[in-house]
Amino acid sequence: MRHIPSWLRIPIVFFIIFAITEFIIDSGGEPAFLAQPIVSLFLLLVLLILIAIEAITSALDNVLYQSLDAEAKTRYDAKRKAPSKLIQSIEKLYSKSVGQKPIEEEHVIILDHNYDGIKELDNDLPPWWKYGFYASIVFAVLYLVNYHILDGDTQIDELQTDIAQAKIDIEEYKKTAKNLVDFNTVTLLADASDLSSGKKIFETNCVACHKADGGGGIGPNLTDKNWILGGGIKNVFKTISEGGRDGKGMIAWKQSLKPLEMAQVASYLLKFEGTTPAEPKAPEGPIWENKSETAEIK
């Protein structure tokens, strides 16, 4: 590693640490250093430490070098200039893969004819080329057996399988990701924390029209069984999200509230049914009898 210059060594080590960080930290589809600023701070600190280590090491190396006598400096310089064992191994492997004969042995493979003093060598194909060709033959046989004899999955089959699995994974994710709910997937929330949050949202945004006890004012009474746009969690969620009837009624809250918040307030206000408000407003709309959540809005 010492034979690699510092201007190349620092980026190599840094990007290895960067790759390990991205692999360990789960940040979804976004890079970890963007999703979590603390990761960016950590990587910056790592870079500064690497630079400091290189500067300190270089300074110590220079101090030790100056303390050597002339003969020791000569041996040290010779050792530093000598190629590393790794480089020697790479060069040896490269020579074997190319398969060229040394210049002093070229007379063995030289051909008899020449043109204007230019002679031709009868070199064999490089070993890397021959091994690659043999590997392609083996791969072709395995490919033929797998896809044309054993009827293995094609790319289209694998794509369709992945798409089907992705749909299953999305539906499973939606069950725990409450902010992804919509009219079709919302369910009645019963947790105390959700109902408490729904109460706060109701008291902040809804009491002006429906009163604190749900008895109704400008808006309809929420304590009876009559619903203008249909009852049940799905219909109430959609009414909150999309608003009331055209030209009158409640505004659409989907721009102001998150899906989870709309589900919370819908679940909370459904608790008003059957209670007795102080000044109940007259019933509006038909009685909601169909309790099926898939029923169409009236």
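Residues numbered from 1 in each chain as written. Predicted model: local features only at pLDDT ≥ 70, side-chain atom pairs only at ≥ 80, totals over all residues. Heavy atoms only, no water.

Colleague: Help me understand the packing of helix α3 (residues 37-66) against helix α4 (residues 70-81) in this model?
Modeller: The angle between the axes and the distance between the axes are what describe a pair of packed helices. The interhelical angle for the contact between α3 and α4, taken along N-to-C directions, is 140°, at an axis separation of 10 Å. Taken together, the axis directions place α3 and α4 in an arrangement best described as oblique. Residue-level inspection shows Asp 61, Tyr 65 and Gln 66 of α3 in contact with α4, the latter providing Lys 73, Tyr 76, Asp 77 and Arg 80. Grouping the constituent residues of the contact of α3 with α4 by class yields two nonpolar, one polar and four charged. (Axes fitted to C-alpha atoms, helices over the stretch in contact; angles between N-to-C directions. Helix = DSSP H or I, 4+ residues; strand = E, 2+ residues; numbered from the N terminus. Parallel < 35°, antiparallel > 145°, perpendicular 65-115°, else oblique. Contact = heavy atoms within 4.5 Å. Nonpolar A, V, L, I, M, F, W, Y, C, P; charged D, E, K, R; others polar.)

Colleague: How should the side chain of Thr 21 be read in this particular structure?
Modeller: By the element assignment, Thr 21 lies in helix α1 (residues 6-24). Setting aside its immediate chain neighbours within four residues, Thr 21 contacts Val 39, Phe 42 and Leu 43.

Colleague: What is the right way to read a negative patch on the surface from this model?
Modeller: On the surface, Asp 151, Asp 153, Asp 157, Glu 158 and Asp 162 cluster together to form a negatively charged patch. Within the fold, Asp 153 resides in the loop between α6 (127-149) and α7 (155-176). Residue classification places Asp 153 among the partly exposed residues on the basis of a relative accessible area of 47%. (Patch = residues over 30% accessible without salt bridge, like charges linked within 9 Å, V, L, I, M, F, W, Y side chains within 5 Å. Areas by Shrake-Rupley, 256 points an atom, 1.4 Å probe, with all protein chains shown as cover. Salt bridge = Lys/Arg side-chain N within 4 Å of Asp/Glu carboxyl O. Lys, Arg positive; Asp, Glu negative; His and termini not counted. Charge placed at Lys NZ, Arg CZ, Asp CG, Glu CD. Buried < 20%, exposed > 50% of the residue type's maximum accessible area, 1.4 Å probe, protein only.)

Colleague: Looking at this structure, how should I read unusual backbone geometry?
Modeller: Leaving glycine out, the prevailing phi sign among residues is negative, and the prevailing peptide bond configuration is trans. You will see that Asp 151, though not glycine, has its phi angle at about 55°, which is positive. The topology assignment puts Asp 151 in the loop between α6 and α7. Residue classification places Asp 151 among the exposed positions, given a relative accessible area of 65%. For Lys 211, which is not glycine, the phi dihedral falls at a positive 70°. Positionally, Lys 211 belongs in the loop between α9 (207-210) and α10 (232-242). Exposure remark for Lys 211: the relative accessible area of 30% places this residue in the partly exposed category.

Colleague: Teacher, can you tell me more about the packing of aromatic side chains here?
Modeller: For any two aromatic rings, the description comes down to two numbers: the centre-to-centre distance and the angle of the planes. Evaluated as defined, the whole model comprises eleven aromatic pairs. Measuring from centroid to centroid gives 6.4 Å for Phe 15 and Phe 18, while their planes differ by 80°, and the two rings are edge-to-face. Here Phe 15 and its partner Phe 18 are both found in helix α1, three residues apart, which amounts to about one turn of the helix. You can call Phe 15 exposed: its relative accessible area is 51%. Between the aromatic rings of Tyr 268 and Phe 272, the centroid separation amounts to 5.4 Å while the plane-to-plane angle is 75°, which identifies the pairing as edge-to-face. Through a chain of ring-to-ring contacts, the aromatic side chains of Phe 14, Phe 15, Phe 18 and Phe 33 assemble into a single cluster. Taking NZ or CZ as reference, Lys 238 lies 4.8 Å from the ring centre of Phe 183, over its face. (Phe/Tyr/Trp six-rings, centres within 6.5 Å; stacked < 30°, edge-to-face > 60°. Lys NZ or Arg CZ within 6 Å of the ring centre and 35° of its normal.)

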